[in-house]
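What the coordinates show
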Amino acid sequence: MVNIPSPGQKPRAMTVPEFAAAKGRGQRLVMVTAYDYTQARLVDEAGVDGVLVGDSLGMVVQGMPDVLGVTLEDVLYHTRCVARGLKQALLVADMPFLTYQVSIEQAVLNAGRLIKEGGAHAVKVEGGVRSREVIAALVRADIPVMGHIGLTPQSLRRLGGFRVQRAKEQLLQDAQAVAEAGAFALVIECVPGEIASAITASVPIPTIGIGAGAACDGQILVLHDLLGLYTDLRPRFVKRYAELGQQIVNALRTYAEEVRQGLFPTAEHEFR
Ligand code: KIV
């Protein structure tokens, strides 16, 4: 990881240029999502390189079946919360569905709010060739952009479901378009490893995989998936590093039991 300080050394805040340059140094980048202050403190302490306030918040925070209903105000609110908790990781905010597709002007204004009011360092925009112009306009406005190709969850209606994307030539063209438009990094979601590997070799910017194999320059997972907090869906690409959902249920059962039996609170929790 880029940012883990040696003992006694102060952690240095990650910047967009440093993040982009990691590929040249052969450093694998670690990203994770976060949606509030406490999560931000924890992921930052763990030394991840980048944090995404993803529109996945629609599913794992708001309980919706997909990301289509997430608004700019939703992402703005959660970005502000996360920004307060980060000291070193790069903060990327997702542009929700229909906040950048309608017009370039609207896209720049909306992305600008995520930077100015939310405290994000960069925004993430879905789409390859079709998003080339909007990415270039954001970059011209000094708004760093992370691209996102492959399974783009905002295209759910067109794709007909969360499906692995296998159109190699199209994906290579998408990656090229995103890089040429000036994005500093590219998320590749749900693409066979061999195709993600070819994309990674074909673009100068770091690729961040999710369900895209080991050859990407970095990886991202949704925090609630990797911690075992969200169990409605369990995609094949998720590795659960903890089962916090079950631990939380166990802790709450113990609390309930102790309250019911009069075992909590005790004298040590009482004011005199
Ligand atoms: O919204 C999100 O969390 C994302 C990641 C899964 C890449 O887009």
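Everything that follows concerns the structure shown earlier in this document.
**What to know about the packing of aromatic side chains**
Across all of its chains, the model carries two aromatic pairs by this definition. Ring plane angle 80° and centroid distance 5.8 Å describe the contact between F19 and F184, whose orientation is recorded as edge-to-face. With F19 in helix α1 (residues 16-25) and F184 in the loop between α8 (168-180) and β6 (185-189), the pair connects residues that are 165 residues apart, well separated along the chain. A relative accessible area of 7% places F184 in the buried class. Taking the centre distance of 6.1 Å and the plane angle of 70° together, the rings of Y255 and F264 count as edge-to-face. Given the relative accessible area of 48%, Y255 is considered partly exposed.

**Let's talk about the side chain of S131**
Here S131 lies in the loop between β4 (122-126) and α6 (132-140). There is a polar contact of 2.7 Å between the side chain of S131 and the backbone oxygen of E126. If sequence neighbours within four positions are ignored, S131 has contacts with Y100, V125 and E126.

**Section: the site of the ligand**
What surrounds the ligand is the set T33, L52, G54, D55, S56, D94, K124, H148, V187, I210 and V222. Side-chain polar atom of D55 to an oxygen atom of the ligand: 3.0 Å apart, as the coordinates give it. Out of a free accessible area of 260 Å², the ligand has 96% covered by protein chains. Mapping the ligand onto the cavity grids shows that it belongs to the second largest pocket. Class assignment of the residues belonging to the shell around the ligand gives a composition of four nonpolar, four polar and three charged.

**Concerning the side chain of Q165**
By the secondary structure assignment, Q165 is in the loop between α7 (156-159) and α8. A polar side-chain atom of Q165 sits 2.8 Å from the main-chain carbonyl oxygen of R163. Ignoring anything within four residues of it in the chain, the contact list for Q165 reads G150, L151, L159, L171, C190, V191 and P192.

**Digging into the pairing of β4**
Burial within β4 is extensive, with five of its five residues counted as buried. Burial along β4 is two-sided: the residues A122, K124 and E126 and V123 and V125 are all buried. Across three bridges, strand β3 (residues 90-94) lies against β4 in parallel orientation. In the sheet register, D94 faces β4, and the bridge partner there is K124. Assessed by its sense of winding, the connection that carries the chain from β3 through helix α5 (residues 104-116) to β4 is right-handed. In the sheet, β4 pairs with strand β5 (residues 145-150) via four bridges, with the strands oriented parallel. Paired with V123 across the strands is V145, a residue of β5. On the question of chirality, the crossover connecting β4 to the parallel β5 by way of α6 is right-handed.

**Focus on the pairing of strand β8 (residues 218-221)**
When strand β1 (residues 29-33) meets β8, the two strands line up parallel, connected through four bridges. Paired with L29 across the bridge in β8 is G218. As judged from the two bridges shared by strand β7 (residues 207-210) and β8, these two strands associate in the parallel manner. Bridging across to β8, I208 finds its partner in G218.

Conventions and cut-offs
- Residues numbered from 1 in each chain as written.
- Predicted model: local features only at pLDDT ≥ 70, side-chain atom pairs only at ≥ 80, totals over all residues.
- Heavy atoms only, no water.
- Phe/Tyr/Trp six-rings, centres within 6.5 Å; stacked < 30°, edge-to-face > 60°.
- Helix = DSSP H or I, 4+ residues; strand = E, 2+ residues; numbered from the N terminus.
- Buried < 20%, exposed > 50% of the residue type's maximum accessible area, 1.4 Å probe, protein only.
- Polar contact = N/O pair within 3.5 Å; in protein donor to acceptor, adjacent residues only side chain to side chain.
- Contact = heavy atoms within 4.5 Å.
- Near = heavy atom within 4 Å.
- Areas by Shrake-Rupley, 256 points an atom, 1.4 Å probe, with all protein chains shown as cover.
- 1 Å grid on protein atoms, 1.4 Å probe; cavity = no way out; pocket = protein on both sides within 12 Å on 5 of 7 lines; lining within 4 Å.
- Sits in = over half its atoms within 2 Å of the grid points.
- Nonpolar A, V, L, I, M, F, W, Y, C, P; charged D, E, K, R; others polar.
- Pairing = 2+ DSSP bridges.
- Right-handed = clockwise from strand over helix to strand, strands pointing away.

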